[in-house]
Each structure stands twice: as C-alpha cells, then as structure tokens.
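Chain by chain, the residues:
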Amino acid sequence: MDFEVTYTEEQQQFRREVRAWLETNVPADVQRTPTSPEDNYQRYLELRAFGRKLGAKGWLYPTAPAKYGGGGLDVDYAIILEEEVDRLDLSLPPYYDSGGRLGSASILVWGTEEQRQAFLPAIYHGEVRTWQLLTEPGAGSDLAGVRTTTAVRDGDEYVIKGQKIFVGSDNGADRIWLIACTAPNGRRHENLSWFMIDANLPGISMQPMELMGTGGEGGTDSGVKQTVFFDDVRVPAFALVGGENKGWTVATTHLELEHGGGGRIGRNRVWDRLLRYCQETKRDGVPLTQQPDVRDSLADIYIKTEITRLFGLRNFYLTYARKAKSYEGPQLSYYRKTAGLWMTGAILEMVGPAALTTDPTWGSSAGFLETQQRNGIVSVHPGGTTDIQRVQMARRIGIGRSTREKAGTVHGAEA
Amino acid sequence: MDLALTESQELLRSTARSFMEREAPVDVIVGLQKVESSLAPDLWKKAAQLGWLGIVVPTEYGGSGDQLSDAAVLYEEIGRGPLPGPFFSSGVLGALTVLEGATEEQRRRILPRVASGERVLTVAITEPNTSWGPTGVTLAPQGRNGSYVLNGTKLFVADATSATDLVVAVRTGDGPTDVSLLHVDARARGVTARRLPGFVSWQCEVTFDNVEVPATALLGGAQRGWAALDRALERALPLLCAYIVGGCQAVYEKSVAYAQSRVQFGVPIGRFQRVQDHVIRLVNHLDSARWATWEALWKLDTGRPAAASVHMAKAVASEAYPEACNAAHEVHAGMGVLVEYGLAAHTQMSRTLFNYLGDPRWHKRRMADALEW
Ligand SMILES: Cc1cc2nc3c(=O)[nH]c(=O)nc-3n(C[C@H](O)[C@H](O)[C@H](O)COP(=O)(O)OP(=O)(O)OC[C@H]3O[C@@H](n4cnc5c(N)ncnc54)[C@H](O)[C@@H]3O)c2cc1C
C-alpha cells in the first residue's frame, strides 16, 4: 500500500507550470467574502472568467475526455491541479456547477455521441454554468416520486410544466440538468427522463428561497437556492438524455457521484482555519490550543476530519483505479454530514459565542466559524439525507433487501 | 407527590398561549429576527398590561410577586415562539439582580418601572474573555470627584439594544469576587450598544467611552455585587431554562406534526424508523430539560437548597435545545432550513442560549462544587 501519490520529474514540472500559471491568472482577491450584492455578482463574473481560462487549457474538467473538450489528463495530473487550486482556497470548477459536474458525467455514460458532442464542450470549456434540478415540493428523498414536473412530447419538442425547489444558486444559470416525469400514468421507476436544457427559455422563471445557510459560489454547495417554475417550456426532443422513461437508470450515475462515490482529495479548509484560530486566540493569556479542554475537543475534531479525508481518498482511488464499489459512496456522504453536524456543537462549546458572530472584531476571520455553525446543519440535507445514505449503505452491504444492491456506474465513454 | 400544574397555572398557560397565538405567530417571529432591537413596542405594552414584566417582582415593588414556578409556566409559553425581547433580561434577571443587590431606596425607585415595562433593564457581566465567573469581570471604573468613570467593553450582553438601563458588573478590588454593580443609563453619553451580527440572537456589544456615573449609581454596597448576582442567577436561571423547555416543546410539536403529514414513498415519513429515531431523540432531550427545570423550580419555591439542581438544569437545557433542533432538522430536511418555516429561529436561539449565562461545562462544574464531591 502507498497512501502518497509519487510524482515523476515530469509531473513535478507540471506542478511548477500550474503554480506559475495560477499565480498570473487567478483574479486578485477572488476568494473574498462579497461585501454587497453587486460585489457578489462581480465576484461571480470573475470566477466565470477564470473558469473559461482554465477551460481553454483543459484544466476545468481535467480528467474529462479531450475529444469533448476536457483535459484528457491522467489522474496524477488531475490531482496536482486539484491540489494547486485547493492551495488557493478554490476548487474545480471554481464556481457552483453541480449540473455541469453531474450532468456531464451522466451524459458521458448515457448520452448519444451527438449529445456528447453537443453538450459537453461548453461545460468543459466553462462557457456554461449548469444547475441540477431534481427536488419538487412532493419529491425530495423520494426522487422516483417526481410527478409535478412533467414533460410531454409534442412533435420534435417536449413541453415542460411544473416546479422545482431547493435548486440552483445565486447569479443565475446558463443551462439546466433536469429530471421530469414523461409518463404520468407510468410505473414507478419507468416514468422519468432527464433533459439538458437552456436555462433562459421562455416560460422559465425563478424565485430565491431564504435559507438558514450562507455562502454563494465556490465549491460543490451553494447557500442560495431557488424555486424554478416551468410554464409550458418548449425544448427540443434532442435535449432528452438516456432515453424516454429511462431516467431512473441515468439517475444511478448521477446519484452515485452526488452521494460521494467519486471521492475527494484535498484539505479540510475549516480545520486549517480552526486550528489557526485556536493558535492565535488567547483566553486568560493562554492560546486556546494550550487549554486542556480545547485540546481534547480539537483532537476529536481533527480525527473526524481525518477519517472524512481518508474515506474521500479511498473513494477517489476506487474510482480512478476502476475498482468495485459498494457502500463506500453513501458512507462518505453520511460520515461527512454527521461529522459536520456534530462539529457545530463541538466548536460552539470550544470557542464559545464568538463562533456565532460574523462581527469583524469579535468573530472569527470572515466569520468562517459562523458559516460552519449554519452550514453544518444545512449541509445534512442536500444530495440525500443522512437517513437515505444509511438506507443505501444497508442495501449495498446486503442487509436492506433480499438482493444486494449495486453501486451506480460512474464510468463513461473514454477518449 | 403531585407533578401536575395547579389550576391557576393552567389558566395562566392558556391565557399566555392564546396571547402568543394571536400576537406572535410564526410570521411575526420570523419577521422580528432581523430587527436591531428585540423589543417590539406594541407587544411589549400588551405584555406589560398582562403583568408579565413584573411577574417575579414582589408586590411591594409593583409586581405580582408570583412563585418562580408560576413564572415558569409563562416563560415556557414565551419560549415556544421563541418570542424575542428583553422579557427575561429585564423582567427576570434584571429585576432579580436589583432585588438582590440594591438598597431599599433603589428598589423602590427602579423596580416598579421595570414591572410596568417603562424601563428595560439588562445585566452586563461578560467581557471579551467570555468567562462567566467573577474573575472574568475586569472592567474597572476610575473614581473622579466621587463619581465613577467607565471605559471598556461588555460583550454578549443580551438585549442591550432595547435596554434603557444597564446593570454593569465592574471590578472594584483585587479579591476574586470584588465585584460591584453600577446602574448606568443606557442612553448616557459614551454608552453604545450594538447587536452582534450572525447566527446569534440579540447578543450585543456595549462600549463605555468615558462614561461618568454618580456615586449613587452603585447598587447596594461595594464588593457585594457578585454575591447578589449569584443569588439572582440561582433564581433566574430556571426561568431561562423554562423558556428553553418551551422552545424544545414547540420544536417537538412541529416535528411530530411534520412526521405525520409529510408523505414520501407513499407513506407519512413518521413510518420510517429513522425518522422515529430523530423524534425520540428529540423528546428525550425535551423531557430531560423539562423535569430538571421543574425540580429546580420546586426546590427554590419551597426554600430547599437548590444550587446543584439549578446548575444541572441549565447544563441539561443548554444541551437539549440545540440537540432538539438538530433532530428537528433531520426530520424536516429541506423544509426546516427554509427561514419562513420558523424552525431556524429556534435553531439560532438554541445556539445563543447554549453559552448565555454559562455553558454546560461551566454549570456541570458548579453543580459538582455544589454537591461537594
Ligand atoms: C442547501 C440545500 C441544497 C440543495 N440543493 C439541491 C439541488 O441543487 N438540486 C436539487 O434537486 N435538490 C437540492 N436540494 C434538495 C435536497 O436534495 C432535499 O432536501 C433532500 O433530498 C431531502 O428531501 P426533502 O427535503 O424533501 O425531505 P424529505 O424527503 O421529505 O425527508 C424528510 C425526512 O424523512 C426522511 N425519509 C424520507 N424517506 C425516507 C426513507 N425511505 N427512509 C428513512 N427516512 C426517510 C428523511 O431522511 C428526512 O428525515 C437541496 C437542499 C438543501 C437543503
């Protein structure tokens, strides 16, 4: 076994190249916490511009097949890219692009060649930002219960009607990766289909939802969510991916990745900042890190972040080495979420009420602890609740149902 | 033994409940979350008319002098909102601190106006070191021509932006408990109160910039402040706990109702054992907080030694409320984080009260001390 990636001289050279490139191309101060709605939008535009530059080099989606505009890079190179971007507190893509990540992966597996050519390059080049639209008022955990968003075939088009909630982010989208019901009277699991559509079509409107969480662009989550309405929206039949009423099969790929099956490598940013905060903050003249109670709590928090990292590392390895997976995806998701929720309590007890305020004098820097206090709770729900992750784990371990369930396919057509 | 509420307590409960349903439904509570001052003037006036602000103030000082357990019935109902506002800060902790710490003349001057809601008190103890003990009080006034001059900061002071009067704990000697209490006009020149932003409910920064207060502002005698605060806190804390119990109760009821009505996979989600587990975890926290609180109240009302029970109640309640909210969030998933639904107001309040007047660890240690282990 070897837990470390060993790099060749050529790869080290690549790292130097990446680092130098990032130094000149990352927009100044793009990691800032926006100071106003205008600044928030401005920052989004900067991230998008940066995304397009990355995309032009194939570095936005580094392992995606080159023939569709991805980087076509080996995993070792992708790791280097991820690490270098992570060093700057950014990720790939540097803005919220859930529909791009999950939609492109699903299209690689289930789309036709024409669809891959039509949809993937714009995603991989960063020309479009895509949201994923699954949840409806009546269908959250029960994704197979999607009913109210319907798509009815009409000649060469589908007509979409309905409503999605808890979706998207701030600053709008260019495309939408949508699951809808294409057979209202059809059988469960045989009545859904996926569509990759333009987000600016007539009949699409949205309204922001006010949530307890915070945070905007960057990373895989967004603190801002929308209700999206579809009022007789006409889309070309070509937008349907994976076959009519085959949506449940396509969803296995989407969900496997969303539930953590792809894994993750990288630092835990909250941990790094928490440790620094505890080293720099003194109580009764002594740094928090030197107080026995705090040390105990920090040790517990550290262990949870390390286990999360190890599960992410393992899943990443299983994915790129094409090894068989079973419960590992939902396990990562479950562990990460429960650890995050538990940590809200541990941090509040350890740091005290300073963890709750964004005040520049009395809170943590840029209020990162306050963000954790909110988002540690909110993040328990997206992409399948912890309960659903446990249901999945049990089924895949072989104790949930009479037949053991398999992990979803995440490997698509290769370059 | 009789663990039931008395008839008059039942009556108070139903009056308070219908007041809350009428005056402070979810949309009002959600709307209040963003305002700088927690005091909603209309609501405050109506509550004053009902005698809520003088409920623990003895009759000779213009209150109704009810037992703590009567007041607890009220605070449970207020906590269900959770209704913000300096009810506890002024009507309980402020009033009891004046009652325990002030001279007879000062009590007669201050308390009737607190009971009527005309004046709003808050007690400023904590400083940037966020310690809840007497040694954390370092703000030391300077003497000038027989008056006190204050320079410094009090932090995480509840409801200071709606207070008219501050009771400020100040250091006046080198001994650990050499603390005195000063009665300071919150609108005096040099006093600034500011609500702290974030996931915290009406905890404020109060700064004193060359604030001069007369010698008569000293409540009671010098160096007697901490002992007075200790006595006041012993009786006030269980009412804060009652507010928390009300919060847990509301969160529980919301969760049960949601588990019964939300349908996924063709059945109400309450059928899923995982959802049942969340609700059961929640009700265990609720009941722990409730019974720990009520026994402490009973001990206080019947003159029994109560310190250990009071500290236990605050330790248990402090932990129960955030845990109850976490469980409720698991039950509700997306719906629970939607601000307009109202659960988030509890979640934020539960985090705020976790530390307020001492976190669980602090109270567990005081409990152990009180039990003389
Ligand atoms: C911040 C945030 C971001 C989100 N982002 C997106 C997005 O980008 N796109 C999108 O489509 N959706 C998004 N969602 C929606 C999210 O996917 C749903 O909230 C989630 O799937 C849960 O659905 P629900 O909220 O309807 O809860 P419900 O499904 O109603 O669940 C309620 C409770 O029942 C439990 N439960 C349900 N079924 C079972 C079962 N079979 N066994 C045991 N327990 C069960 C749940 O665990 C939970 O405790 C987001 C949500 C949030 C909060």
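Remember, it's a predicted structure, so these values are computed and weren't measured experimentally.

So, how was this worked out
- Residues numbered from 1 in each chain as written.
- Chains lettered and ligands numbered in written order.
- Predicted model: local features only at pLDDT ≥ 70, side-chain atom pairs only at ≥ 80, totals over all residues.
- Heavy atoms only, no water.
- Helix = DSSP H or I, 4+ residues; strand = E, 2+ residues; numbered from the N terminus.
- Buried < 20%, exposed > 50% of the residue type's maximum accessible area, 1.4 Å probe, protein only.
- Contact = heavy atoms within 4.5 Å.
- Buried area = accessible area lost by both parts, 1.4 Å probe.
- Salt bridge = Lys/Arg side-chain N within 4 Å of Asp/Glu carboxyl O.
- Domains from an automatic or database assignment.
- Nonpolar A, V, L, I, M, F, W, Y, C, P; charged D, E, K, R; others polar.
- Near = heavy atom within 4 Å.
- Polar contact = N/O pair within 3.5 Å; in protein donor to acceptor, adjacent residues only side chain to side chain.
- Areas by Shrake-Rupley, 256 points an atom, 1.4 Å probe, with all protein chains shown as cover.
- Lys, Arg positive; Asp, Glu negative; His and termini not counted.
- Patch = residues over 30% accessible without salt bridge, like charges linked within 9 Å, V, L, I, M, F, W, Y side chains within 5 Å.
- Phe/Tyr/Trp six-rings, centres within 6.5 Å; stacked < 30°, edge-to-face > 60°.
- Lys NZ or Arg CZ within 6 Å of the ring centre and 35° of its normal.

In this section: the environment of Leu286(B). Residues and elements named next belong to chain B. By the secondary structure assignment, Leu286 is in helix α8 (residues 273-301). For Leu286, a relative accessible area of 1% gives the class buried. Leu286 sits 38 residues away from Ala324 along the chain, and the two C-alpha atoms are 7.1 Å apart. Residues in contact with Leu286, not counting those within four places in the same chain, are Val245, Cys248, Gln249 and Tyr252.

So, about unusual backbone geometry. The amide bond that connects Leu92(A) to the next residue, Pro93(A), takes the cis arrangement and shows omega of -15 degrees. One can find Pro93(A) in the loop between α3 (75-87) and α4 (98-110). The amide bond that connects Gly81(B) to the next residue, Pro82(B), takes the cis arrangement and shows omega of -5 degrees. Summarising the element assignment, Pro82(B) is placed in the loop between α4 (68-79) and α5 (87-101). For Asp232(A), which is not glycine, the phi torsion reads 50 degrees and is therefore positive.

Here we take up the interface of chain A and chain B. With 39 residues of chain A in contact, the opposing surface of chain B contributes 40 residues. It is Met212(A), Glu349(A) and Trp362(A) that lose the most area in chain A upon contact with chain B, and together they represent 19% of the buried surface on that side. At the boundary of chain A and chain B, one finds 4 salt bridges. Residue Arg194(B) pairs with Asp359(A) through a salt bridge whose shortest N-O separation is 2.7 Å. Every element with two or more residues in the side of chain A that touches chain B is listed here: α8 (292-320), α9 (328-351), α10 (368-378) and α11 (386-397) of chain A.

Residue and element names in this part refer to chain B. Entries for chain B in the domain assignment read domain 1 (7-115), domain 2 (121-223) and domain 3 (226-372). The centre of domain 1, based on its C-alpha atoms, is set 20 Å off from the matching centre of domain 3. Listed by partner, the interface residues are 29 residues for domain 1 and 34 residues for domain 3. When domain 1 packs against domain 3, close to 2,500 Å² is buried across both sides, 66% of that on carbon and sulfur atoms. Its largest share of buried area at the contact with domain 3, domain 1 owes to Leu68, Glu76 and Glu100, together 25% of the area lost on that side. Across the contact surface, domain 1 and domain 3 share 4 salt bridges. Elements with a minimum of two residues in the side of domain 1 that touches domain 3: α2 (26-32), α4 and α5. Each residue belonging to the side of domain 1 that touches domain 3 can be placed in one class, and the counts come to 18 nonpolar, 8 polar and 3 charged.

For the ligand, the set of nearby residues contains 30 residues, the closest of which are Thr135(A), Ser141(A), Asp387(A), Arg262(B) and Glu330(B). Contact distances for the ligand include 3.1 Å between a nitrogen atom and a backbone N or O atom of Phe166(A). About the coverage of the ligand: the protein hides 94% of its 970 Å² of free accessible area. Of all the secondary-structure elements, those providing two or more residues to the shell around the ligand are β1 (130-133), β3 (157-167) and α11 of chain A together with α9 (307-332) and α10 (334-337) of chain B. It is α11(A) that provides the largest number of residues to the shell around the ligand, a total of 3 residues. Its residues placed into classes, the shell around the ligand shows 16 nonpolar, 10 polar and 4 charged.

All names here are of chain A. Topologically, Arg43 is positioned in helix α2 (residues 37-56). In this structure, Arg43 is buried with no salt-bridge partner, the nearest side chain bearing the opposite charge being Glu46 at 6.6 Å. At 2.6 Å, the side chain of Arg43 forms a polar contact with the backbone oxygen of Val30. For Arg43, the contacting residues outside a window of four places in its chain are Val30, Gln31, Arg32, Pro34 and Glu217.

Attention shifts here to the pattern of salt bridges. Residues and elements named next belong to chain B. On inspection of all chains with the given rule, the structure shows 49 salt bridges over all chains. Of the charged contacts, one joins Glu76 and Arg13 as a salt bridge, the two residues approaching to 3.2 Å between their closest N and O atoms. Placement of the pair is Glu76 in helix α4 and Arg13 in helix α1 (residues 7-23), with a sequence separation of 63 residues. Take Glu76: its relative accessible area is 4%, and that puts it in the buried class. With a shortest N-O distance of 3.6 Å, Arg281 and Glu323 are connected by a salt bridge. Here the residue Arg281 occupies a position in helix α8, and Glu323 occupies one in helix α9, the gap between them amounting to 42 residues. For Arg281, a relative accessible area of 28% corresponds to the partly exposed category. Bridged by salt links that share partners, the residues Arg13, Arg17, Glu76, Glu77, Arg80, Glu253 and Arg290 form one connected network.

It is worth spelling out a nonpolar patch on the surface at this point. Residues and elements named next belong to chain A. Side chains of Met1, Phe3 and Leu310 sit close together on the surface and give an oily, nonpolar patch of about 420 Å² of accessible area. Relative to the helices and strands, Met1 is located in the segment before α1 (9-25). Met1 sits in the exposed class, given a relative accessible area of 99%.

Let us now look at the packing of aromatic side chains. Taken as a whole and assessed by the stated rule, the structure comprises 19 aromatic pairs over all chains. With 6.2 Å between their ring centres and 25 degrees between their planes, Trp21(A) and Phe50(A) make a pair best called stacked. Residue Trp21(A) is located in helix α1, and its partner Phe50(A) is located in helix α2; the two are separated by 29 residues in the primary sequence. On the basis of relative accessibility, which here comes to 15%, the residue Trp21(A) falls in the buried class. Accessibility expressed as a relative area gives 2% for Phe50(A), which makes it buried. Measuring from centroid to centroid gives 6.3 Å for Tyr258(B) and Tyr341(B), while their planes differ by 70 degrees, and the two rings are edge-to-face. Taken as a pair, Tyr258(B) in helix α7 (residues 225-261) and Tyr341(B) in the loop between α10 and α11 (343-355) lie far apart in primary sequence, 83 residues in all. Cluster of aromatic residues (ring-pair linked, three or more members): Phe14(A), Trp21(A), Phe50(A), Trp59(A) and Tyr77(A). One residue, Arg15(A), lies across the ring of Tyr7(A), its end atom 4.9 Å from the ring centre. Above the ring of Phe311(A), the side-chain terminus of Arg314(A) is found at 4.9 Å from the ring centroid.

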